[in-house]
Amino acid sequence: MIDDMIFFTKDSVTKSMALTVGQEVTATVEEDKTSGGLKAIRVDVVQDTWGDSNATCDASELNMKVLIGIITSVSKNCGYINENTFFAMKDVCEGFKPCKGDWVQAKYFINRTTWNSEAVAVKPLRYKQVDKVRISSICGRSGTVDESIFFTLDSLRLPDGYSPRRHDLVNAIVVESSQSCYIWRALCLVPVTQDGQSHSDGVNLDESYEDLMRDKGGLKVSRMTNFGTLKQGESERMIILIENKGCVPQSLISCRLAGWVKDKQFSFQIPQKSENTPEAYMSSSPINQENLSKAAVNSYSDSGGTTHESLINTSIMKNGGITEGIASQDTNLSKTKENFFLVKDENLHNGENEQRGGVEQLIMNIHTTGEIVIPPGGRTFIVIICTAVNPGYSKELLLLGFSDFTIGRYIEATVTSEEELLIAPVEPYSPRKPKIPEPQPRKTIVIAPKYRRNHRKHLPSFLPHYTIPDELRKCVEQKVDVLTFQPLLAEHLNLDTYKAKFSALLWLEEIYAEMEIKDFSMTGVTLKRSGNFLVLEVPGVEEGKPHLVTGDKVILKSQIYSEHIIEYVAYITEIHNEDVTLKCNADFEQAYNQEPMDVEFVHCRVTNRRCHLAVEQALYLGEKVLFPERLILQSPQAVKTQNTTEYCGVDDGLEQHSQQESKVKKLQNKQAKRGEAVTLKQRAGEFFNPMLNEQQKLAVKRILSGECRPTPYILFGPPGTGKTLTVIEAILQIHYTLPGSRILVCAPSNAATDLICLRLHQSNLLRPGAMVRVNASFRSEEQIDDMVKPYCSDGDDVRKASWFRIVIATCSSAGLFYQTGIR
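J.: Explain the overall build of the protein chain to me, and be specific about the residues and the numbers.
T.: From N to C terminus, the protein chain includes 15 helices and 41 strands. Out of the 823 residues in the protein chain, the part that is buried amounts to 40%. Of the contacts formed within the protein chain by residues at least 6 apart in sequence, a portion of 67% connects residues at least 24 apart. Carbon together with sulfur atoms contributes 52% to the accessible area of the protein chain, which is approximately 47600 Å² in total.

Here it is as structure tokens:
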């Protein structure tokens, strides 16, 4: 019985553990239909060690989980991740001083005493080294590097005697961090001299690769440091031999792994004084030597040549246990050194225990030793242990610190898993090459009429073709440096190089898109019938391989005629799953009778041509807009306080409107006086969405004020932070506060554009005739949400749509308005 009211049987006790009276348990109970009482269907034993603080930590390690989050607060001795997970500074990895905004990875558990989450093993989520960048600005104790990396002197590590100044050339170690508009934060800065070398004291991680890797001081260090390919869960060892070929004794002060090694995949052991040779280490090791799966000792022959063997121990003992040595990531040989031996139950290998952490026992042996002195002609060694944990290729830098210099070696390993081996490719990937028919003397091209969902009123067709230059195409095909075609690509971006650089980059994108889509050409396929249309099955089109949209051109080549080639140009009218519906020539559609066809897809250039036109027209914005050197504040368009919203007049010189736009405004203001005046009066000083937080409200106020125009306002933040809600509120505020405003809303995709239109509709704050949705001419009505469709009918006529106060379109379709003369 439990608590004199719940009965249970032995079968319900987990792991069939023996229970005693008075023992604390947790139980899952249900009502017994026979007796009407409570019956336990599962009984778990509560560990008594939770009451002890040390035992709490050990037990909690069995339930560690990975946490990825952002530092929300930091004090001298502790901090919080995601506002509610506590961590102590002693649990942060060495060399990393966390700041508010840093993205970190940690392991966390629930403290059974306080029932709060606590994190250990806190380390940066992502970090990297950037070389030869300049300090772009310094303001007070903060600054930026390369206009993209934030730093603060409060947490920045600098070489002794160095004070950062603007325009200094530096090397930096940076971590991912959310700092205002920056996503990287510098941990340390090291100035770079004119010869490209870094200055710092102690161990220099910014040394050149060649200098760090070369042998120094008469020492020779093993260079075979690649473990090769290991299966996940395996553990192997390798011995790195250090031999003194010089005439001066050398002292090994420290050895450590640079950076923050994830999950301790690599670790190392320092030999005892009695283990001065690999053979002595093997004989003194608790592991039985006859159980070695491989053996290798990196050693130097007496003649100065190098012989390489590998000491790799699977560590399987005859008694069924496994013992292997693991050292901490950073070992100082002049201080107390700790050797850890990890004892694992053999049931792990038999699959009888699912909780690996429940079987591992940590045993610590501590002894004191001095630095290792290697006399002339002498040698020592280090044992590198690789525990295959992280799938994929791993490469970590091992630093051997001597009295006057440092020698580095890269430790490498490739880890595979059983699942990965099952799906591993049997041969290297090679894209499917289209069958190229032999040149024929004659070619006939049959073009189908272009399929359009609607017919717009005639617009001035002045969009140039912007044909790809043959010289640039040859550079790509022959793999010649593109700088021979456009040397300005190597220059800094400014107003003089703006058009040349972006035009060349747009052409390169097109060439790559053409090459990519040609790889998906098909040979000898048959088409299906669907009503009056023909349907082509294209495997992979759902995943965007190839990337096709409605309106794209497809070329069908007949295989029947040998005398000449007949090409039928068709247009895509609909894409459903892997079925692509084509609009072909009417005669071909009627006469087609399951003949095999060759298929080629054609890259659509309309969007790229609009981008070329935009690059040309952007030059007229001038240097003050494209490359502003300083911000000039304008008079506010509107001032929004807590209780009132005041409309401010704008200087005549700041906005110039065409005669057509003036007529539009007069008509709109006249229509708006009746209905909108009441709403504006009721809404004065209020936000339409009461759920906005302070940061979102501040963004809306700044957009509405527009003091920085024409410099754009940018909303940034991770997914789910309310950027769309803020944009909707800004649109509504501008619409009601500035009666003469015209708003063009653009998004990259139709889905994002429809979402904004739908949210504005659901607000119930817009009068009929205030908003219009402009779609591409090829877009099918079946792809449009029913609530959005009423706003699309007036969007078919671009000139008519331009009269609405709120116009919503994709970035590409917005280029249509330029054809109507709107500026």
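Once you've had a look at it, read on.
J.: Give me the lowdown on the sheet that holds strand E2 (residues 25–31), citing residues and values where you can.
T.: Strand order in this open sheet of three strands is E1-E3-E2, and the pairing throughout is mixed. Looking at the sheet topology across the chains shown, the edges are occupied by strand E1 (6–7) and E2. With two bridges connecting them, E1 and strand E3 (residues 38–45) associate as parallel partners. Each bridged residue has a counterpart across the sheet, and for Ile6 the counterpart in E3 is Leu38.

J.: Quick rundown of the sheet that holds strand E5 (residues 78–81)? Include the residues and the values.
T.: Pairing is mixed in the closed barrel, where five strands are placed in the order E4-E5-E6-E8-E7. Across the sheet, the axes of successive neighbouring strands diverge by a mean angle of 50°, strand direction being ignored. Relative to strand E8 (residues 117–124), strand E6 (residues 85–88) runs parallel, the two sharing two bridges. Within the sheet, the bridge partner assigned to Phe86 lies in E8 and is Glu118.

J.: How would you explain the packing of aromatic side chains if you had to name every residue and give the values?
T.: By convention here, two paired aromatic rings are described through the distance between centres and the angle between planes. Here the structure, examined in full by the defined rule, presents eight aromatic pairs. Taking 6.2 Å as the distance between ring centres and 35° as the angle between the ring planes, the aromatic pair formed by Phe227 and Phe266 counts as tilted. In this pair, Phe227 is assigned in strand E15 (residues 226–231) and Phe266 in strand E18 (residues 266–269), connecting sequence segments 39 residues apart. As far as burial versus exposure is concerned, Phe227 and Phe266 are alike and both buried. Here the aromatic cluster, defined as three or more aromatic residues joined through ring pairs, consists of Tyr498, Phe502 and Phe627. In this structure, Lys128 packs its charged tip against the face of Trp184, placed 4.4 Å from the ring centre. Of note, Lys395 hangs over the ring of Tyr410, and the distance from its end group to the ring centre comes to 4.4 Å.

J.: Explain the environment of Ala747 to me, using residue names and the numbers behind them.
T.: Mapped onto the fold, Ala747 is located in strand E39 (residues 743–747). Considering only alpha carbons, one finds Ala747 and Cys811, 64 residues apart in sequence, at a separation of 5.6 Å. Residues within four places of Ala747 in sequence aside, it is in contact with Ala752, Thr753, Ala809, Thr810 and Cys811.

J.: Please give an account of unusual backbone geometry that cites residues and values.
T.: Omega for the peptide link from Lys545 to Pro546 comes to 5°, which places this bond in the cis form. Within the fold, Pro546 resides in the loop between strand E32 (533–537) and strand E33 (553–558). A cis amide bond links Arg709 with the next residue in sequence, Pro710, at an omega value of 10°. Turning to its location among the elements, Pro710 is positioned in the loop between helix H12 (694–705) and helix H13 (723–737).

J.: Break down the pairing of E33 for me, citing the residues and quoting the values.
T.: The buried count for E33 comes to five of six residues, which makes it a mostly enclosed element. Across five bridges, the pairing between E33 and strand E34 (residues 564–576) is antiparallel. Bridged to Lys553 within E34 is Tyr571. In this structure, E33 lies alongside strand E36 (residues 597–601), joined through five bridges in antiparallel fashion. Paired with Leu556 across the bridge in E36 is Val599.

J.: Can you tell me about the pattern of salt bridges, naming the residues and giving the values?
T.: In the structure shown here, the tally under the stated rule is 19 salt bridges. Residue Arg223 pairs with Asp215 through a salt bridge whose shortest N-O separation is 3.9 Å. Given the relative accessible area of 47%, Arg223 is considered partly exposed. Residue classification places Asp215 among the partly exposed residues on the basis of a relative accessible area of 25%. Here Lys789 and Asp786 are joined by a salt bridge, their closest N and O atoms 3.5 Å apart.

J.: Break down the side chain of Glu729 for me, with residues and values.
T.: Relative to the helices and strands, Glu729 resides in helix H13. Not counting residues up to four positions away in its chain, the partners in contact with Glu729 are Phe687, Phe688, Asn689, Leu692 and Val700.

J.: Residue-level account of the environment of Met238, with values.
T.: Inspection of the secondary structure puts Met238 in strand E16 (residues 235–244). Between the alpha carbons of Met238 and Asn226 there is a distance of 8.9 Å; along the sequence they are twelve residues apart.

J.: Tell me about the packing of H12 against H13, residues and numbers included.
T.: Two numbers describe how H12 lies on H13: the axes approach to 9 Å, and their chain directions differ by 40°. With respect to each other, H12 and H13 are oriented oblique. Two packed elements cross with a definite hand, and for H12 against H13 that hand is right-handed. Along its contact with H12, which presents Gln696, Ala699, Val700, Ile703 and Leu704, the element H13 presents Thr726, Glu729, Ala730, Gln733, Ile734 and Thr737. For the contact of H12 with H13, the residue count by class is six nonpolar, four polar and one charged.

Analysis parameters
Residues numbered from 1 in each chain as written. Predicted model: local features only at pLDDT ≥ 70, side-chain atom pairs only at ≥ 80, totals over all residues. Heavy atoms only, no water. Helix = DSSP H or I, 4+ residues; strand = E, 2+ residues; numbered from the N terminus. Buried < 20%, exposed > 50% of the residue type's maximum accessible area, 1.4 Å probe, protein only. Contact = heavy atoms within 4.5 Å. Areas by Shrake-Rupley, 256 points an atom, 1.4 Å probe, with all protein chains shown as cover. Pairing = 2+ DSSP bridges. Axes fitted to C-alpha atoms, helices over the stretch in contact; angles between N-to-C directions. Phe/Tyr/Trp six-rings, centres within 6.5 Å; stacked < 30°, edge-to-face > 60°. Lys NZ or Arg CZ within 6 Å of the ring centre and 35° of its normal. Salt bridge = Lys/Arg side-chain N within 4 Å of Asp/Glu carboxyl O. Parallel < 35°, antiparallel > 145°, perpendicular 65-115°, else oblique. Left-handed = near helix turned anticlockwise from the far one by under 90°. Nonpolar A, V, L, I, M, F, W, Y, C, P; charged D, E, K, R; others polar.

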